[in-house]
Amino acid sequence: MFAPVYLDHNASTPADPAVVEAMLPYLSAHFGNASSRHEYGRAARRAVDEARSKVAAAVGAHPTEVIFTSGGSEANNLLIKGAAACLKPGVLAVSAIEHPCVLKPAEQLERRGWTLDRLAVDADGRIDASRFAVAMGRKPKIVSVMLANNETGVVQDLGLLAERARLTGAWFHTDAVQAVGKIVVDFRRLNAAGVHALTVSAHKIGGPKGAAALVLDKRIELEPLIAGGGHERGLRSGTENVAAIVGFGVACELAVQRRAALAQRLLKLRGELEHGLRGCGATLFGQAAERLPNTVYFAIPDVDGETLVGHLDRAGYAVASGAACSSANPEPSHVLRAMGVAPDLARGAVRVSLGYGNTAEQVAGFLSALQATVARLQGLTAMAV
Amino acid sequence: MAYSIKVLDHYENPRNVGSFGKEEEGVATGMVGAPACGDVMKLQIKVGKGGVIEDAKFKTYGCGSAIASSSLVTEWVKGKTIDQALDIKNTQIADELALPPVKIHCSILAEDAIKAAVADYKKKHSEQVSV
Amino acid sequence: MLKQPIYLDYSATTPVDVRVAEKMIPYLVEKFGNPASRSHAFGWEAEAAVEEAREEVARLVNADPKEIVWTSGATESNNLALKGAAQFLAGKGKHLVTVKTEHKAILDTCRELERQGFEVTYLDVRDDGLLDLEVFKAALRPDTIVVSVMFVNNEIGVIQPIAEIGDICRARGILFHVDAAQATGKVVIDLAALKVDLMSFSAHKTYGPKGIGALYVRRKPRVRLTAQMHGGGHERGFRSGTLATHQIVGMGEAYRLARLEMGAENERIRMLRDRLLKGLSDIDEVYVNGDLERRVPHNLNISFAYVEGESLLMAIKDLAVSSGSACTSASLEPSYVLRALGREDELAHSSIRFTLGRFTTEEEIDYAIKLLHDKIGRLRELSPLWEMVQEGVDLSTVQWAAH
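The rules behind the values
- Residues numbered from 1 in each chain as written.
- Chains lettered and ligands numbered in written order.
- Predicted model: local features only at pLDDT ≥ 70, side-chain atom pairs only at ≥ 80, totals over all residues.
- Helix = DSSP H or I, 4+ residues; strand = E, 2+ residues; numbered from the N terminus.
- Rg over C-alpha atoms; globule rule 2.2 N^0.38 Å.
- Buried ≥ 20, exposed ≤ 12 C-beta atoms within 10 Å, placed from the backbone.
- Contact = placed C-beta atoms within 7 Å.
- Pairing = 2+ DSSP bridges.
- Axes fitted to C-alpha atoms, helices over the stretch in contact; angles between N-to-C directions.
- Arc of directions from axis to C-beta.
- Nonpolar A, V, L, I, M, F, W, Y, C, P; charged D, E, K, R; others polar.
- Core = buried A, V, L, I, M, F, W, Y, C linked by C-beta atoms within 7 Å.
- Parallel < 35°, antiparallel > 145°, perpendicular 65-115°, else oblique.
- Left-handed = near helix turned anticlockwise from the far one by under 90°.
- pLDDT = per-residue confidence, 0-100.

**Focus on the overall build of chain A**
Broken down by element type, chain A carries 12 helices and 12 strands. Here the C-alpha atoms of chain A give a radius of gyration of 21 Å, agreeing with the 21 Å that 2.2 N^0.38 yields for 385 residues. Seen through its principal axes, chain A has C-alpha atoms that stretch 70 × 55 × 35 Å. Of all 385 residues assigned to chain A, the portion counted as buried reaches 61%.

Next up, the structure:
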């Protein structure tokens, strides 16, 4: 029996052995509470500070701009709700393809008197530039556009969007959890273009679950989501998750070191994957757009996505039929809907997201398993007709 | 809190701890601070001929920096005239001990202790000083 | 040879028990799936581990696993409980009641609710640190919607009368939240018997990892909350965000061990605590803060009169202890908990919290006793206050030069 092959790195990644090794002492010998003033506490504080510097360095930010949170969802909630709490209700513009942890807080604000503008995307999942310009004309106070989409892997031209948003005086946030380690993410450069906040998460880049950061231009005033004790410059209270934060720091370091070579290798694998998929008659989503080197999102006409991933799992290949969080949801992906994909085709959507450990053999194996599965499923469909 | 080597030295080996006998000749006492604030310094000077401070002793209730600041001034005032002692400024104390900003008040308190001790001396010995 | 500094600060945090760490590691490395991934075995394996841990947490407090909601820690649980309940019940009333000695996670959240238009009563405690039930009853109003009282105080370890408060709240239809971060593994918690509606838990105070906690949300009668973190609808919509499997597994194992071992462990710790108290009681002018009987065996909070707190900590740097709670000890403010007990500032300043735990040894306690004897003596030699008291001066009559 072969170990199953993991091709769902956009959902989560294994922690790198170096990450785990760095974390373990902070569970045992250096277990102190970073707020304690004795040596156990100071050791923990030093570790948190060091990790903060590493995270900052990985995304081109200053350490004091890094606010640790328990995860990407919390960081996104903190920015959207926290910034809104310091403003009078107005227009809030978020892309229609955001992760639910941006969309849902935005919808919450809508209930509290904000006007929610869902920014449209084109058929390839890119923000529609002319409609974006129109939306900016409505003078939003907060704009949130993800850097790379978790389902399609499509990368937005944030520099350009931020330049346009800047004239409105809006706070511009980007969820970059899927982008870090795969493409260059440089907060200083983005900040200069008008991006004010950015979310990065550990478990998407070979770090542990339970640690993430909101990178924040200090001009943004935020109301904390979690009060009590005043940790993280008062923006996020609660005892620091030292071990996970340490792991996050190391993961960031590795992600930056490996990025260029990894991207090159994954691009090649992705090319092989896409070649094989076309051979199976697959439709590839977001094809014309710039995409993350690791992500392929496709559908095979008349093959149900849920069914396909179930068969692939039994064949030893772990892929997703949509974003992990909404996988239980039988509705077709809101991302594909926003791209104007027909519901029937959207229901066939399958996401393959490659990672550090994947090899050409695994991709080849996946393709033959897919071909066999599709042939069987299509045969079944044909018989049923 | 990271303490400087000099603070640690004065804290571990405070100089001139103690009190003079109440009736000793030329002794004056400055007591500054309040328990509720977390520091009380008692500085005693023993003034000899010509207003020269021959000896000094202290007791301090307070943090390490407060103890170090008062220990240091007992060394500094010895051999000075009372007027020279008044020239000791809190910034000199803070510099010498490399006090962090949150501990500057300790050096201010030590300066105040000198002033209080000298004032006490002048009050008790006004005629001698006026000469 | 003793490992130094000697850790006597188990209420700030605890090391992860090695048995807990061993269970966690596989969920970082090979079993790393996202528990929300429904399309493959990696996800199911992670989800199964999350559910097993949920059962363990529920079992320690005699609750139904469906009543356990994962959070990032007790601070988040407290925020979710208070804001979630108050916001959900805002139509019914605007008044909350809590206690002045609560953790900052409760007090700061209450301050925020006040800014949102709620009214909060902060009750005084008696000088033994316990809530007076008559005072409590008198504070309740027809528009009181939520009461929050901690089970065990983090600084002085006293155990509040949770059962009695629960009865009073239930009879009046008021939602009752309890911060139990310091209680798990130390006192028996039976949520089938206690009339508690919401209870906050932490893993890292009970030999589990940091970054994970839980909120108990009663199902019968059903308690409803306004979610504070939105997204993928995890945790039945109460709390969105990817579940940190390894941390959850760690909390489950830590709580399982607590359930199995707390009986024997607490007796051993009580013996050590009593040894410490006895060893210190021959020093003049030491005062125990908080009731000694209605208190967890792990805690001893003592004021050493006429020595200053920070210099005391410096003198006993071979002991890792805290003065005031960990979260506030960066500031020079005397502990607000001790002030609420009516301790004057000097005694509050010179208080030390010793909290013992699973790995505390008799040898460590004996070392601590000897060290304290030496250092308190030395600091009192340095203390002008001690000198004055020895000379018979009543310090309360002294006019201090303000500065």
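Having put the structure on the table, let's press on.
**Digging into the overall build of chain B**
Looking only at helices and strands, chain B features six helices and three strands. Listed N to C, the secondary structure of chain B is α-β-β-β-α-α-α-α-α in terms of helices and strands. Expected size for 131 residues packed as a compact globule is a radius of gyration near 14 Å; at 14 Å, chain B falls within 12% of this value. When the backbone C-alpha atoms are referred to their principal axes, chain B occupies close to 45 × 25 × 25 Å. Expressed as a percentage of its 131 residues, the buried residues of chain B come to 47%. Partitioning the contacts of chain B with sequence separation of at least 6, the portion at a separation of at least 24 is 63%.

**Digging into the environment of Ile300 of chain A**
Here Ile300 of chain A is to be found in the loop between β10 (295-299) and α9 (305-314). Considering only alpha carbons, one finds Ile300 of chain A and Leu345 of chain A, 45 residues apart in sequence, at a separation of 7.5 Å.

**Examining the sheet that holds strand β4 (residues 119-123) of chain C**
Residue and element names in this part refer to chain C. Read from one edge of the open sheet, seven strands run β2-β8-β7-β6-β5-β3-β4, paired in mixed fashion. Each edge of the open sheet is held by one strand with a lone partner, namely β2 (68-71) and β4. For this sheet, the mean inter-axis angle between neighbouring strands, taken without regard to orientation, is 20°. Both β2 and strand β8 (residues 213-217) contribute to a ladder of four bridges, which runs antiparallel. Among the inter-strand pairings, Trp70 is bridged to a residue of β8, identified as Ala214.

**As for helix α5 (residues 129-136) of chain A**
All names here are of chain A. Where α5 is concerned, the buried positions are Phe132, Ala135 and Met136. The arc enclosing the buried residues of α5, seen along the axis, measures out at 100°, which places them on a common side. Structural note: α5 exposes Ser130 and Ala133 on the side pointing more than 90 degrees away from its buried face. Tucked inside the fold, the buried residues of α5 contact β3 (91-95), β4 (115-119) and α6 (158-166).

**Notes on the interface of chain A and chain C**
If you look at the interface, chain A gives 59 residues, while chain C gives 57 residues. If you list the elements that add at least two residues to the side of chain A that touches chain C, you get α2 (39-58), α3 (72-85), α4 (100-111), α8 (242-279) and α9 of chain A. Per-class residue counts for the side of chain A that touches chain C are 26 nonpolar, 25 polar and eight charged.

**Quick word on the nonpolar core**
One finds Val55, Val59, Val200, Ala213, Val215 and Val246 of chain A together with Tyr216 of chain C to be the most contacted residues of the largest nonpolar core, which totals 297 residues. Looking at which element gives the most residues to this core, the answer is α8 of chain A, with 15 residues.

**So, the packing of helix α7 (residues 245-280) of chain C against helix α11 (residues 362-382) of chain C**
Residue and element names in this part refer to chain C. Taken N-terminus to C-terminus, the directions of α7 and α11 make an angle of 20°; their axes are 9 Å apart at the nearest point. Between α7 and α11, the interaxial angle falls into the category roughly parallel. Both α7 and α11 take part in a crossing whose hand is right-handed. For the pair α7 and α11, contact is made by Leu272, Arg275, Leu276, Gly279 and Leu280 and by Glu362, Ile365, Ala368, Ile369 and Leu372, respectively. For the contact of α7 with α11, a count of residues per class yields seven nonpolar, one polar and two charged.

**Remarks on the pairing of strand β12 (residues 349-353) of chain A**
Regular strands have side chains that alternate between both faces of the sheet. Residue and element names in this part refer to chain A. Of all five residues making up β12, five are buried, and the element is well covered by its neighbours. Note that β10 and β12 share five bridges and pair antiparallel. Each residue of the ladder has a partner; that of Thr295, found in β12, is Ser353.

**Let's talk about the confidence of the model for chain B**
Residue and element names in this part refer to chain B. Averaged over all residues, the pLDDT of chain B is 91; the fraction at 70 or higher stands at 95%. Mean pLDDT values over the elements of chain B span from 56, in helix α6 (residues 126-130), up to 96, in strand β3 (residues 53-61). We note a pTM of 0.93 for the whole complex and an ipTM of 0.94 for its interfaces.

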